[in-house]
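What follows is each chain in one-letter form.
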Amino acid sequence: MEKIGFIGLGIMGKPMAKNLIKAGHELVVFDTAEAPAEELVSFGAERGASAADVASKAGKVIITMLPDSKDVRDAVSGPKGILEGCRAGQTVIDMSSISPIVSRELEKELAGRGAEMIDAPVSGGQEKAEQGTLAIMAGGRDIVFEGVKDILACMGATVTLVGEIGAGQITKLVNQIIVGVNISAVAEGMAFARKAGADPRRVFEAIRKGLAGSQCLEDKAPRMFEGRYAPGFRVALHIKDLWNVLETSRAIKGSVPLSAQVIEMMIALANEGHEGLDHAALGLYYEKLNGVGLGEDKA
Ligand code: NAD
C-alpha cells in the first residue's frame, strides 16, 4: 500500500493515525510537538521533518488534523508547508474543523500545484477516534472522494460526501450550531425548572421521550445534574467552531442570532477558567445566572 502522510497528532489525530496503521497502511507523520510524533514512530510510522517533507515522502494522500484555520494554512502554505513538497496527483484531506472559506482558498492554492483537496471534518470525540467510529462529513470533487473514501473508512463509522469543497466544513458548523443551541436550551430549561420549584431530574424523566428529547438532552442533562464536566468536547473548541460560524455567516451576509448568543455564554464560561471543561458546562453558566444548582437546590 502507498504511504499516507499524516500531519497533526493531537487528541484526535493520534488515534486516527494509529487506526490507519492498524488497517495496514504505512504512515509518514509530522507534528510540531516532539512527543506525539515519537509515539507514532514507536507504533511503526516514519517521522517526517516538516509538512513539506511528509508531502514529498507520501504517496497519493496527505491528511491534516490540526486545531484551526491558521494552523492548516501554516501547514499547507507556510514555510516548509505541504505546497513546498507536494506534487500533481496527490490529495490533501483536511480533517480539522476550520472555516469553509479557508478550505476553498487552500484548494485553489493546491490546484496550482496540480494537487487536489478534500475537506473532511469529523464529529465524535477522542473515544470515537480511538474506536474508528467517527462521523466523517466531506466536501470535494466526486472522483477525488471516490479515490480516498476507503482510507477515510478506516477512521469513521460513516463517511458522507455532502457536496463541493467546503461542504464538509459547512456541515460540521451546522452540527456545532445545533449542538450548542441544544445544550444551552437544556441548561436554560433545567435552571428554569429549579427556579420555578420543580426538580430538574424529574422534569428530565417526564420530557425525555417527547418532542424535547434529543441526544444532547440525554447526554448533557445528566452531566449537568451530576456536575460531571470533564471533557468530552471542550468549551474552547466549541468557541472556535462558533467563531467560524460567525465569520462565515458575515462573509455571506447570513444571520445567526442563536449562535451569536451561545458564543457569548461560552466566552463568559472561558473567562471564568472553564474553557477546558465539556461544553455541558453551560449548566454552570445557568446555575450562576439564576443562583440555583441544577443537581440539587443550592437555596
Ligand atoms: P489538539 O490540539 O489535541 O491537536 C492538534 C495537534 O496539531 C497538536 O499535536 C499540535 O502540536 C499539532 N500542530 C499544531 N499546529 C501544527 C502545525 N502547523 N504542523 C504540525 N502540527 C501542528 O486538537 P484535537 O483535539 O486533536 O483537534 C483537532 C481538530 O479536530 C480540531 O479542529 C478540532 O476542532 C476537531 N475536533 C476535535 C474533537 C475533540 O473532541 N477533541 C472532536 C471533533 C473534532
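Residues numbered from 1 in each chain as written. Predicted model: local features only at pLDDT ≥ 70, side-chain atom pairs only at ≥ 80, totals over all residues. Heavy atoms only, no water.

Honestly, the environment of Gly 132 in this entry has me stumped. Any pointers?
Counting through the fold element by element, Gly 132 comes out in the loop between α7 (126-131) and β8 (134-139). Once the C-alpha coordinates of Gly 132 and Glu 26 are considered, the two residues, 106 residues apart in sequence, prove to be 17 Å apart. Those residues in contact with Gly 132, other than ones at most four positions away along the chain, are Asn 19, Cys 154, Met 155, Gly 156 and Ala 157. (Helix = DSSP H or I, 4+ residues; strand = E, 2+ residues; numbered from the N terminus. Contact = heavy atoms within 4.5 Å.)

Sorry, what's going on with the packing of helix α1 (residues 13-22) against helix α2 (residues 34-42) here?
A pair of packed helices is characterised by two quantities: the angle between their axes and the separation of those axes. Here α1 crosses α2 at 15°, and the two axes come no closer than 11 Å. With respect to α2, the axis of α1 lies roughly parallel. Our pair here, α1 against α2, has a crossing hand that is right-handed. Contact residues: α1 offers Lys 14, Ala 17, Lys 18 and Ile 21, while α2 offers Pro 36, Glu 39 and Leu 40. Its residues placed into classes, the contact of α1 with α2 shows 4 nonpolar, no polar and 3 charged. (Axes fitted to C-alpha atoms, helices over the stretch in contact; angles between N-to-C directions. Parallel < 35°, antiparallel > 145°, perpendicular 65-115°, else oblique. Left-handed = near helix turned anticlockwise from the far one by under 90°. Nonpolar A, V, L, I, M, F, W, Y, C, P; charged D, E, K, R; others polar.)

Just checking my understanding: could you explain the site of the ligand for this structure?
In the vicinity of the ligand there are 25 residues, among which Met 12, Asp 31, Pro 67, Ser 97 and Lys 240 approach most closely. Interatomic distance of 2.9 Å between a backbone N/O atom of Met 12 and an oxygen atom of the ligand. Between the ligand and Ser 97, the relevant distance is 2.9 Å, taken from an oxygen atom to a main-chain nitrogen or oxygen of the residue. For the ligand, the protein covers 86% of the area, taking 840 Å² as the surface of the free molecule. (Near = heavy atom within 4 Å. Polar contact = N/O pair within 3.5 Å; in protein donor to acceptor, adjacent residues only side chain to side chain. Areas by Shrake-Rupley, 256 points an atom, 1.4 Å probe, with all protein chains shown as cover.)

Explanation requested: the nonpolar core in the structure shown.
It is characteristic of soluble globular proteins that their nonpolar side chains tend to be buried jointly. In this structure, Phe 6, Met 16, Ile 63, Met 95 and Met 155 are the most contacted members of the largest nonpolar core, which totals 31 residues. Secondary-structure elements contributing two or more residues to this core are β1 (4-7), α1, β2 (27-30), α2, β4 (61-64), β8 and α8 (142-153). The greatest single-element share of this core, amounting to 5 residues, is contributed by α8. Look past the residues within four positions of Phe 6 in its chain and what remains in contact with it is Gly 13, Met 16, Ala 17, Leu 20, Leu 27, Val 28, Val 29, Phe 30, Val 54, Ile 63, Met 65 and Met 155. Counting 30 residues, the second-largest nonpolar core is a separate cluster that includes Ala 187, Val 235, Ile 239 and Val 262. (Core = buried A, V, L, I, M, F, W, Y, C linked by side-chain atoms within 4.5 Å. Buried < 20%, exposed > 50% of the residue type's maximum accessible area, 1.4 Å probe, protein only.)

Is there a simple way to explain the domain arrangement of the chain in this structure?
Size of an interface: often given as the accessible area lost when the parts come together. Annotation of the chain at the domain level lists domain 1 (4-163) and domain 2 (170-298). Once you take the C-alpha centre of each, domain 1 and domain 2 turn out to be 30 Å apart. Counting residues at the interface gives 15 residues for domain 1, matched by 11 residues for domain 2. Counting the surface domain 1 buries against domain 2, the share from its top three residues, Ser 97, Pro 100 and Met 137, is 36%. Between domain 1 and domain 2 we count 0 salt bridges in total. Our count for the domain 1 to domain 2 interface comes out at 4 residue pairs in polar contact (both at pLDDT 80 or more). Among the elements that take part in the side of domain 1 that touches domain 2, helix α6 (residues 100-111) stands out by supplying 3 residues, more than any other. (Domains from an automatic or database assignment. Buried area = accessible area lost by both parts, 1.4 Å probe. Salt bridge = Lys/Arg side-chain N within 4 Å of Asp/Glu carboxyl O.)

Help me understand the pattern of salt bridges in this model?
Where charged atoms from two side chains of opposite charge approach closely, those side chains can pair. In this structure the tally under the stated criterion is 18 salt bridges. The residue Glu 105 makes a salt bridge to Arg 73 at a minimum N-O spacing of 2.8 Å. Of this pair, Glu 105 sits in helix α6 while Arg 73 sits in helix α4 (residues 69-77), placing them 32 residues apart in sequence. Judged by relative accessible area, Arg 73 falls into the partly exposed class, the value being 32%. Across the pair Glu 272 and Lys 288 runs a salt bridge, and its minimum N-O distance is 2.4 Å. You can see Glu 272 sitting in helix α13 (residues 257-274) and its partner Lys 288 sitting in helix α14 (residues 282-290), a full 16 residues away along the chain. By relative accessible area, Glu 272 is classed as partly exposed at 43%. On the basis of relative accessibility, which here comes to 57%, the residue Lys 288 falls in the exposed class. Connected via shared salt-bridge partners are Lys 3, Glu 46, Asp 53 and Lys 57.

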